[in-house]
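# What the coordinates show
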Amino acid sequence: MSSLRAARTRADLRLAPGERPLAGGTWLFSEPQPGVTGLVDLMSLGWEPVARTAAGLRVAATCTVEQLASHAPDPAWSAWPVVAACVDALLMSFKVQGQATVGGNVALALPAGAMTSLLAGLDAVAVVWTPDGGERCEAVADLVVGPGRTTLEPGEVLRAFDVPAHALQARAAVRQVALTAVGRSSSLVVARRDADGTVTLTVTAATPRPVQHRFACPPTSAQVDGVLTGLEWYDDLHGAPDWRRAVTTLLAHEVLAEVAA
């Protein structure tokens, strides 16, 4: 890399060939980046990390994991404990939590990316700035399409994630499992029951991309088994597909029973 420049305005986000946006940099600086000749620092834009809105909560893409974890929630946000559970699932030191960003974790698109799990489980919508000066919005559950792959086009930049109030106020439960006590997540399952009775089940880490199912009311065991049958299960050194299927099925029943109680 031969250049580093700080973004002060949106116009500074027009990337030249070989330039990449930089936020926390905890992954970017962890291994060689062939073809990257310059970096554009997003942190200098000064986006407010976490802000309450009329519709719920806006989390800036540059918000660090530490800033999100330390945010004081509204007393009505009964789903907020899911935040701490997903932060803990990342298994990072306090130093890394202070640098790693929510947007960076989502953009990296690892199956075990716990910020993807959190935001998908809470029906968050990603706000994406486009190179033409506009913006588009897409559900986080749809933004990540596979290991290391998102729907982000060249020149697009994640601006923020909008979490709706109905999800924050829902009853929620989360379970996570790994092959070792301090290992990368092999399966992370979030269940949420909204005030209208709708139940949402979100599976991550065990699948190449987030998988989400909605039920009009608490599902039966047969319905749960049915939606998990035929899923594509991720296969890497953190868990074999058949094992991931088995533990995810168990975790899904547990979280759904918890939110239905």
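Report on the accompanying structure. Just so you know, these numbers come straight off a predicted model, no measurement behind them.

This brings us to helix H2 (residues 81-89). An α-helical turn contains 3.6 residues, so a residue and the one three or four places further along point in the same direction. For H2, every residue scored as buried is listed here: Val82, Val83, Cys86, Val87 and Ala89. The arc that holds every buried residue of H2, seen down its axis, measures 155 degrees, which confines them to one face. Seen from the buried face of H2, the exposed residues on the opposite side, beyond 90 degrees, are Pro81 and Asp88. In this fold, the buried residues of H2 make contact with helix H1 (65-69), helix H3 (94-97), helix H5 (114-121), strand E11 (171-177) and strand E12 (187-193). Note on H2: the residue one or two positions beyond its end, Leu91, has a positive phi of about 55 degrees.

The pairing of strand E4 (residues 50-53) with strand E5 (residues 56-60) spans 4 bridges and is classified as antiparallel. Its bridge partner being in E5, Thr53 is matched across the sheet by Gly56. The turn joining E4 and E5, which pair antiparallel and follow one another in sequence, is formed by 2 residues.

Sheet topology note: the strand E13 (residues 199-204)/strand E14 (residues 211-215) ladder contains 5 bridges and is antiparallel. Within E14, the residue paired with Val199 across the bridge is Phe215. Joining the antiparallel neighbours E13 and E14 is a turn of 6 residues, in which Ala205 adopts a positive phi near 70 degrees.

The strand order E1-E3-E2 describes an open sheet built from 3 strands, whose pairing is parallel. Every other strand in the sheet has two partners, leaving strand E1 (3-6) and strand E2 (19-22) as the edge strands with one partner each. Strand after strand, the sheet turns through a mean of 25 degrees between neighbouring axes, direction not considered. As defined by bridge partners, E1 adjoins strand E3 (residues 38-41) across 4 bridges and the pair is classed as parallel.

Let us now look at the pattern of salt bridges. Per the stated rule, a full pass over the model turns up 12 salt bridges. The closest approach of N and O atoms between Arg136 and Glu138, which form a salt bridge, is 2.7 Å. Residue Arg136 is classed as partly exposed on the basis of its relative accessible area of 23%. On the accessibility criterion, Glu138 (16% relative accessible area) is buried. Between Asp194 and Arg192 there is a salt bridge whose closest N-O contact spans 2.8 Å. For the residue pair Asp194 and Arg192, the accessibility class agrees, reading buried in each case. Residues joined in a network through salt bridges with shared partners are Asp123, Arg192, Asp194 and Arg214.

It is worth spelling out the sheet that holds E5 at this point. What the 5 strands build is an open sheet, ordered E4-E5-E10-E6-E7; its pairing is antiparallel. Taken across any chain shown, the strands that pair with only one partner, and hence form the sheet edges, are E4 and strand E7 (135-139). Taken over all neighbouring pairs, the strand axes of this sheet differ in orientation by 25 degrees on average, direction set aside. Sheet topology places strand E6 (residues 125-129) next to E7; 5 bridges connect them, and they run antiparallel. Directly across from Val125, in E7, lies its bridge partner Ala139.

Let's shift gears to the packing of aromatic side chains. For the coordinates displayed, the defined rule picks out 2 aromatic pairs. An angle of 35 degrees between the planes, with centres 5.6 Å apart, marks the rings of Trp77 and Trp80 as tilted. Its guanidinium or amino end placed over the ring of Trp77, Arg52 lies 4.9 Å from that ring's centre, counting from NZ or CZ. Lying over the aromatic face of Trp47, Arg159 brings its terminal NZ or CZ to 4.2 Å of the ring centre.

Thresholds, definitions, all that
Residues numbered from 1 in each chain as written. Predicted model: local features only at pLDDT ≥ 70, side-chain atom pairs only at ≥ 80, totals over all residues. Heavy atoms only, no water. Buried < 20%, exposed > 50% of the residue type's maximum accessible area, 1.4 Å probe, protein only. Helix = DSSP H or I, 4+ residues; strand = E, 2+ residues; numbered from the N terminus. Arc of directions from axis to C-beta. Contact = heavy atoms within 4.5 Å. Pairing = 2+ DSSP bridges. Axes fitted to C-alpha atoms, helices over the stretch in contact; angles between N-to-C directions. Salt bridge = Lys/Arg side-chain N within 4 Å of Asp/Glu carboxyl O. Phe/Tyr/Trp six-rings, centres within 6.5 Å; stacked < 30°, edge-to-face > 60°. Lys NZ or Arg CZ within 6 Å of the ring centre and 35° of its normal.

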